[in-house]
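# A closer look at the structure
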Amino acid sequence: MSEDFSVSNLLASGVEKAKWRSEGLPPDELSIQNGILTIRSTRFPLCIDPQLQASNWIKQREKSISAKTLQIATFRDDGFMKKLETAVQYGYGFIFENVGEEIDPIVNPILEKKYTEK
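The following paragraphs examine the structure supplied in this document. (Residues numbered from 1 in each chain as written. Predicted model: local features only at pLDDT ≥ 70, side-chain atom pairs only at ≥ 80, totals over all residues. Heavy atoms only, no water.)

With twelve residues, helix 3 (residues 29–40) extends 16 Å between its outermost C-alpha atoms, agreeing within 8% with the 16 Å of an ideal straight helix rising 1.5 Å per residue. All buried positions along helix 3 are accounted for by S31, I32, G35, I36 and T38. Seen along its axis, helix 3 keeps its buried residues to an arc of 165°; they face one direction. Among the exposed residues of helix 3, those pointing more than 90 degrees away from its buried face are L30 and L37. For helix 3, the N-terminal cap is D28; the gap from its side-chain oxygen to the backbone nitrogen of L30 is 3.3 Å. (Helix = DSSP H or I, 4+ residues; strand = E, 2+ residues; numbered from the N terminus. Expected span 1.5 Å × (residues − 1). Buried < 20%, exposed > 50% of the residue type's maximum accessible area, 1.4 Å probe, protein only. Arc of directions from axis to C-beta. Polar contact = N/O pair within 3.5 Å; in protein donor to acceptor, adjacent residues only side chain to side chain.)

Residues F5, V7, L10 and L11 make up a contiguous nonpolar surface patch of about 370 Å² in total accessible area. Take L10: it is sitting in helix 1 (residues 7–11). (Patch = residues over 30% accessible without salt bridge, like charges linked within 9 Å, V, L, I, M, F, W, Y side chains within 5 Å. Areas by Shrake-Rupley, 256 points an atom, 1.4 Å probe, with all protein chains shown as cover. Salt bridge = Lys/Arg side-chain N within 4 Å of Asp/Glu carboxyl O.)

Enumeration according to the criterion identifies six aromatic pairs in this entry. Ring plane angle 85° and centroid distance 5.4 Å describe the contact between F75 and F80, whose orientation is recorded as edge-to-face. Summarising the burial analysis for this pair, F75 and F80 share the class buried. When the centroid spacing of 4.7 Å and the interplanar angle of 65° are considered together, the rings of F94 and F96 count as edge-to-face. With relative accessibility at 21%, the residue F94 sits in the partly exposed group. Aromatic rings pair up to connect F75, F80, F94 and F96 into one cluster. K113 extends its terminal NZ or CZ atom over the ring of F44, reaching a point 5.6 Å from the ring centre. (Phe/Tyr/Trp six-rings, centres within 6.5 Å; stacked < 30°, edge-to-face > 60°. Lys NZ or Arg CZ within 6 Å of the ring centre and 35° of its normal.)

On strand 1 (residues 70–73), burial follows the alternation: Q71 and A73 on one face are buried, whereas L70 and I72 on the facing-out side are not. Alignment of strand 1 against strand 2 (residues 93–96), held across four bridges, turns out to be parallel. Counterpart to A73 in the pairing with strand 2 is F96. Between strand 1 and its parallel partner strand 2, the chain crosses via helix 5 (residues 80–90), and the hand of that crossover is right-handed. (Pairing = 2+ DSSP bridges. Right-handed = clockwise from strand over helix to strand, strands pointing away.)

Following this line, the structure appears as structure tokens:
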């Protein structure tokens, strides 16, 4: 293997990484790899983010790339299910914050993409 080989160089261009840095993503290798997983994931990414760096980056990114509304909730919020339904119905982004060891099974149909459009 080449000495210059890195996963982040293979999966993200320098321009893309610079854009992410301008949106608030830290420039360290782990953050760049998490950014790649977040952008390129075919499923819903789970960010373990004790310093809220990924959360802030995703929020900033959503504001800059889309006029759509980003919904943010915790499982303890009153009406989180209504927010989630609205997000799915209108194609809004959705962030669950402060997720514990287990994810509430009420959201499994959405995570597994087992829902129908009306």
